[in-house]
Amino acid sequence: MLAEGKITQTHVFNREILRKVMVGAGFTGIGSEWWHFNAFSRREAGEKFLIIK
């Protein structure tokens, strides 16, 4: 996206800051979406939380 001019180097830098902070806090990134992070795996979330209907 940077090469295509869709984002700037500042955007890339800010993404890197977000990623470092989130990973440092124990979150994991979602490969298909750079802006989404998970606190737990799907299995862990299922064990920790009930689905509310």
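Each remark here, short or long, concerns the structure printed above.
Just so it is clear, the structure is predicted and the values come from calculations on it, not from any experiment. (Residues numbered from 1 in each chain as written. Predicted model: local features only at pLDDT ≥ 70, side-chain atom pairs only at ≥ 80, totals over all residues. Heavy atoms only, no water.)

Draft legend 1. Region of interest: the packing of aromatic side chains. Here the structure, examined in full by the defined rule, presents 2 aromatic pairs. Pairing Trp34 with Trp35 gives two aromatic rings, centres 5.8 Å apart and planes at 80°, and the pair type is edge-to-face. Overall, the relative accessible area of 35% leaves Trp34 in the partly exposed class. The exposure class of Trp35 is partly exposed, given its relative accessible area of 45%. (Phe/Tyr/Trp six-rings, centres within 6.5 Å; stacked < 30°, edge-to-face > 60°. Buried < 20%, exposed > 50% of the residue type's maximum accessible area, 1.4 Å probe, protein only.)

Draft legend 2. Broad picture of the pairing of strand E2 (residues 33-38). The sheet contact formed by strand E1 (residues 28-30) and E2 spans 3 bridges and is antiparallel. Each bridged residue has a counterpart across the sheet, and for Thr28 the counterpart in E2 is Asn38. As consecutive antiparallel partners, E1 and E2 are separated by 2 residues. (Pairing = 2+ DSSP bridges. Helix = DSSP H or I, 4+ residues; strand = E, 2+ residues; numbered from the N terminus.)

Draft legend 3. How the structure looks around the environment of Trp35. Positionally, Trp35 belongs in strand E2. It is 8.3 Å that separates the C-alpha atoms of Trp35 and Leu18, two residues lying 17 residues apart in sequence. Within polar-contact distance, the side chain of Trp35 engages the side chain of His36 at 3.0 Å. (Polar contact = N/O pair within 3.5 Å; in protein donor to acceptor, adjacent residues only side chain to side chain.)

Draft legend 4. A look at the pattern of salt bridges. The tally for this structure, following the rule as stated, stands at 2 salt bridges. Among the salt bridges present, the one from Lys6 reaches Glu4, with a minimum N-O distance of 3.3 Å. You'll find Lys6 and Glu4 in the same group, each marked exposed. Among the salt bridges present, the one from Arg43 reaches Glu47, with a minimum N-O distance of 3.0 Å. Of this pair, Arg43 and Glu47 both sit in helix H2 (residues 42-48), 4 residues apart, roughly one helical turn. Both residues of the pair, Arg43 and Glu47, count as exposed. (Salt bridge = Lys/Arg side-chain N within 4 Å of Asp/Glu carboxyl O.)

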